Amino acid sequence: MHVPVIAPSILSADFSRLGEQVRMLDEGGADWIHVDVMDGHFVPNLTIGPQVVAALRPHTRKPLDCHLMIEQPERYVEQFAAAGADILTIHVEACRHLHRNLEQIRGLEHHSGGRMMAGVSLNPHTPIESIAHVLELCDLVLVMSVNPGFSGQSFIPQTRGKLRALRERLDALGRHGVHVQVDGGITDANAELVAHDGADSFVAGSGVFRHPSLAPAAAIAALRAAAARGIETRLRAPA
Ligand code: DX5
Ligand code: ZN
């Protein structure tokens, strides 16, 4: 993918007025709205479920990119689809039958017709080999650049090598349409680097909502500009 996709995470939003915050992100230029779903088991935090996704759906037409940090996600994917999710990303570490679970997601009907987009996510310690045999079922691969559970953590630089290896592998397979998403500690200060490594989709919570000098819309624009520079230099001179 040659155009950066900016996906602000509502985990850093004001939860007392989420609908308004989603509209603000939509008008502020977000491409996708990243929704962090946590179950208190897979990660040590609890956030939101399908009911909140359904409540947010009327506030934007942009894709709702649901990052499911939950054990046995197969129990809930149908509910998220019915609630209006556009992308369902599950964790390799949370699935006993990853292949089956990705097939299940791809078989779900999307709220505006067609099929649901399926993503798979890797924790910082998980090698890309763990998804080698399911890549053909993925529309998106999410490389976590923090340990999932909270916003506001620092980017883990060792995850950069994984972005490079993943992009290389997808290129070698001719899978140029698969999104490589990076999530955790992403700001306009490091988006260029990770874009150069291979990311084309950028999740940012604090980088949008708690930027030291920019309001959310300006932070989204700064992220986009930085990411576009990184993608451009990667395409000119691959890493
Ligand atoms: C972490 C979540 C992230 C989080 C990112 O578990 O998956 O999406 O909201 O927040 P920042 O950008 O602040 O690291
Ligand atoms: Zn996330």
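Reading the values: the criteria
- Residue positions are counted from 1 within each chain, in the order its sequence is given.
- Each chain takes a letter, starting from A, and each ligand takes a number, starting from 1, following the order in which they are written.
- Selection of residues for local features in this predicted model requires a pLDDT of at least 70, selection of side-chain atom pairs for listing and counting requires 80 or more, and totals for whole chains, interfaces and linings are taken over all residues.
- Where side-chain values are given, they derive from all heavy atoms of the structure, hydrogens and water being excluded.
- Strands here mean DSSP runs of E at least two residues long; helices mean DSSP runs of H or I at least four residues long; both are numbered from the N terminus.
- For the exposure calls, accessible area comes from a 1.4 Å probe over protein chains only, and a residue counts as buried if that area is under 20% of its type's maximum, exposed if over 50%, partly exposed in between.
- What makes two residues a contact is simply this: any of their non-hydrogen atoms within 4.5 Å.
- Only the protein chains shown count as cover for residues, and all accessible areas are computed by the Shrake-Rupley method using a 1.4 Å probe.
- Under the counting rule used here, the positive set is Lys and Arg, the negative set is Asp and Glu, and His together with the chain ends is not counted.
- To locate a charge, take NZ of a lysine, CZ of an arginine, CG of an aspartate or CD of a glutamate.
- Polar contacts, as used here, are pairs of N or O atoms within 3.5 Å; protein pairs need one atom able to donate a hydrogen and one able to accept it. Residues neighboring in sequence count only if both atoms are side-chain atoms.
- Metal donors were taken as nitrogen, oxygen and sulfur atoms no farther than 2.8 Å from the ion, or 3.2 Å where the ion is Na, K or Ca. Water is excluded, so coordination may look unfinished.
- Geometry is assigned from donor-metal-donor angles: four donors are tetrahedral when every angle falls between 85 and 135 degrees, four are square planar and six octahedral when opposite donors sit over 155 degrees apart with all other angles between 65 and 115, and any other arrangement is irregular.

Caption draft 1: Broad picture of the overall build of the protein chain. A tally of regular secondary structure across the protein chain gives eight helices and eight strands. Considered along the principal axes of its C-alpha atoms, the protein chain spans approximately 45 × 45 × 35 Å. When the 239 residues of the protein chain are sorted by exposure, 53% land in the buried category. At a minimum sequence separation of 6, the contacts of the protein chain that also span at least 24 residues come to 68%. Surface summary for the protein chain: the accessible area is close to 10100 Å², and the carbon and sulfur share equals 53%. Where the 21 positive side-chain charges of the protein chain centre and where its 26 negative ones centre are 2 Å apart.

Caption draft 2: Representation of the side chain of histidine 110 in the model. With respect to the element layout, histidine 110 can be found in the loop between helix 4 (98-106) and strand 5 (117-122). For histidine 110, a relative accessible area of 11% puts it in the buried group. A distance of 2.9 Å separates a polar atom in the side chain of histidine 110 from a polar atom in the side chain of aspartate 86.

Caption draft 3: Geometry of the coordination of the zinc ion (ligand 2). Binding of the zinc ion (ligand 2) to the protein goes through His34 (NE2), Asp36 (OD), His67 (ND1) and Asp183 (OD), at separations of 2.1 to 2.3 Å. Of note is the zinc ion (ligand 2), whose six donor atoms meet at the metal with angles of 71 to 170° in an arrangement that counts as octahedral. Mapped onto the sequence, the donors of the zinc ion (ligand 2) take the spacing H-x1-D-x30-H-x115-D. Separated by 31 residues along the polypeptide, aspartate 36 in strand 2 (residues 33-38) and histidine 67 in strand 3 (residues 64-69) bring together distant segments of the chain. As far as the burial class goes, aspartate 36 and histidine 67 line up, both buried.

Purely geometric stuff here, so don't read any function into it on its own.
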